[in-house]
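Chain residues, written in single-letter form:
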Amino acid sequence: MPVARWSLLSKAPQIARSSHCATAFPSGSLIIYGGELKARIPVDSANVQGDGVIKGSVHLFDASLTDGEPKSHLPQGWRTICPSVNDIKSSAESIPDARVGATMVHEGGNLYIWGGRGGVDMAPLDSPQVGIWRGKLKTNTAGGDNRIVWEQIGGRGIQPEPRSYHTAIAHEGRIYIHAGCPVSGRLSGLHSFDVHSGKWQELASGPDPARGGTSLVAVKLEHEGSALLRYGGFSGYELPSATGVLDVYTVRENKWYTVEPAADPIHGHPGARSVHGFQRFQSTSPSLASAVAVLFHGERDASKLGHAGAGTFWDDVWLLLKDKSNDNTEGWTWKKVDILKAVEGSIAIPEGRGWFASAEYVERGNSRIFMHGGLLSSNERSDELWQLEIEQ
């Protein structure tokens, strides 16, 4: 039976937040950006050093500096990487404004952020801040400083409507933007951005209902090639409305379809949820070879106070399996993963949460999942960084 092991890598109060975004490089370096410590107030918004973290800064955690064991009292590994001095002295338009509900991915060694909301009115960021921002990390510069240089990319073609609480993923040189919340209502559209040509393309919209707080995972399917998997989201109620169903987008055919994975024989299907974790999964264990994604935590019931409050949250972990011998509409299965409850008497599992940031990297053929921050049922923002490993 597969077992999930959570390890608490760090507690860093200065980086506590929710509604932020994250991505992980193949080296195991995690980058987080944006978010809020208090509802609707973006963090990392200072314009000059001394008022706090400089606007446009990102935070980097290097997993190679830890041994993977719980470190509940230690903030090791975190570095704040600020924009270069030249960027700070130039036009304010050269650095992205602080924001919540944005997305960040990496492709070709660069960071790409898109979307988000900029303040108490919770309106999506608009011109001149709208669009793709590319960030290049500059390490080992003169004096030993680490810096990030931001550049706004206009792009050609039909650009997505400004929004927040959407989902984004980078796959094979393209950044996919899906769903989310514009000025009013919710969206179901899918767009791609080619990082090499700078061209936007409008693709087939996802199955209704429109939603925010959903998530995509990119996989390769045996019969159809590259595909995006979608689970969950919020449309005035937690999704999916039909228990355990999964939406699949095939890149080659520009088409969506819905599958109903078989239930875990003991635990059934994962519950409906939003602002959750849904990441690619791979393993060198033969018994886990069919696993393609891992689903974890997220909002179970929304707060009656809306964005100003905390609802109830899941604290579970599920694997999504795909039998390659079946065609792509068949052979899907959900498997609930047992969670290791204690490690030498210490707290071994994170409290249920949503609105966190997560990312996956691969170490020696096995997926490692980061989960950082998030909103707790106490309506407090977490400062914890957890790592999830699943073993047979």
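Each remark here, short or long, concerns the structure printed above.
From a predicted model like this one, the values you see are computed outputs, not experimental measurements.

K.L.:
Would you take a moment to explain the overall build of the chain for this structure?
P.N.:
Looking only at helices and strands, one finds one helix and 31 strands in the chain. Going through the 392 residues of the chain one by one, you find that 58% of them count as buried. Carbon and sulfur atoms make up 48% of the accessible area of the chain, which amounts to about 16,100 Å² in all.

K.L.:
What is the right way to read the side chain of Glu389 from this model?
P.N.:
The residue Glu389 is located in strand β31 (residues 384-391) in this model. We classify Glu389 as buried; its relative accessible area is 13%. In this structure the side chain of Glu389 is engaged in a polar contact, spanning 3.3 Å, whose partner is the side chain of Arg368. Setting aside residues no more than four positions away along its own chain, Glu389 makes contact with Val3, Ala4, Arg5, Ser7 and Arg368.

K.L.:
Help me understand the pairing of strand β30 (residues 366-372), please; the structure alone is not making it clear to me.
P.N.:
A large share of β30 lies buried, amounting to seven of its seven residues. Judged by which residues are buried, β30 turns out to be covered on both faces: Asn366, Arg368, Phe370 and His372 on one side and Ser367, Ile369 and Met371 on the other are all buried. Counting the residues between successive antiparallel strands, the hairpin from strand β29 (residues 357-363) to β30 contains two residues, one of them, Arg364, with a positive phi of roughly 50°.

K.L.:
Could you clarify how one ought to interpret the sheet that holds strand β12 (residues 167-171) in this entry?
P.N.:
Within a sheet, each strand pairs with its neighbour through backbone hydrogen bonds, oriented either parallel or antiparallel. An order of β12-β13-β14-β15 is seen for the four strands of this open sheet, with the pairing classed as antiparallel. Of all the strands in the sheet, the pair left with one neighbour each is β12 and β15 (200-203). Neighbour-to-neighbour, the strand axes of the sheet open up by a mean angle of 20°, direction not taken into account. Bridge count between β12 and strand β13 (residues 174-180): five bridges; the pairing is antiparallel. Looking across to β13, one finds that Ile169 is bridged to Tyr176.

K.L.:
How should the packing of aromatic side chains be read in this particular structure?
P.N.:
Each aromatic ring pair is described using two quantities: the centre-to-centre distance and the angle formed by the ring planes. Inspection of every chain in the model, using the stated rule, returns 12 aromatic pairs. Ring centres 6.3 Å apart and planes at 85° place the aromatic pair Trp6 and Trp386 in the edge-to-face group. Highlighted residues: Trp6 in strand β1 (residues 3-11) and Trp386 in strand β31, separated in sequence by 380 residues. Like Trp386, Trp6 is buried. A centroid spacing of 5.9 Å and a plane angle of 20° characterise the contact between Phe296 and Phe356, whose relative ring orientation is stacked.

K.L.:
Where do I start with the nonpolar core in this structure?
P.N.:
Most often, soluble globular proteins keep nonpolar side chains buried together rather than apart. Ranked by size, the top nonpolar core spans 19 residues in total, and within it Trp6, Val294, Phe296, Val317, Leu319, Leu388 and Ile390 carry the most contacts. At the level of secondary structure, the elements contributing two or more residues to this core comprise β1, β23 (291-301), β24 (312-322), β30 and β31. Not counting residues within four places of it along the chain, the set of residues in contact with Val294 comprises Gly277, Phe278, Gln279, Arg280, Phe281, Val317, Trp318, Leu319, Ile369, Leu388 and Ile390. Val259, Phe278, Val292 and Leu320 belong to the second largest nonpolar core, which has 18 residues in total.

K.L.:
Is there a simple way to think about the pattern of salt bridges in this case?
P.N.:
A side chain of one charge can pair with a side chain of the opposite charge when the charged atoms of the two come close. Applying the stated criterion across every chain, the model contains 17 salt bridges. Its salt-bridge partner being Lys11, residue Asp383 comes within 3.0 Å of it at the nearest N-O pair. Taken as a pair, Asp383 in the loop between β30 and β31 and Lys11 in strand β1 lie far apart in primary sequence, 372 residues in all. Residue Asp383 is classed as buried on the basis of its relative accessible area of 14%. Among the salt bridges present, the one from Arg230 reaches Asp247, with a minimum N-O distance of 2.6 Å. Remark: Asp247 occurs in strand β20 (residues 246-250) and Arg230 occurs in strand β17 (residues 225-231); sequence separation between them is 17 residues. The class of Asp247 is buried, set by a relative accessible area of 8%. The network of salt bridges with shared partners includes Lys11, Arg353, Asp383 and Glu384.

Thresholds applied
- Residues numbered from 1 in each chain as written.
- Predicted model: local features only at pLDDT ≥ 70, side-chain atom pairs only at ≥ 80, totals over all residues.
- Heavy atoms only, no water.
- Helix = DSSP H or I, 4+ residues; strand = E, 2+ residues; numbered from the N terminus.
- Buried < 20%, exposed > 50% of the residue type's maximum accessible area, 1.4 Å probe, protein only.
- Areas by Shrake-Rupley, 256 points an atom, 1.4 Å probe, with all protein chains shown as cover.
- Polar contact = N/O pair within 3.5 Å; in protein donor to acceptor, adjacent residues only side chain to side chain.
- Contact = heavy atoms within 4.5 Å.
- Pairing = 2+ DSSP bridges.
- Axes fitted to C-alpha atoms, helices over the stretch in contact; angles between N-to-C directions.
- Phe/Tyr/Trp six-rings, centres within 6.5 Å; stacked < 30°, edge-to-face > 60°.
- Core = buried A, V, L, I, M, F, W, Y, C linked by side-chain atoms within 4.5 Å.
- Salt bridge = Lys/Arg side-chain N within 4 Å of Asp/Glu carboxyl O.

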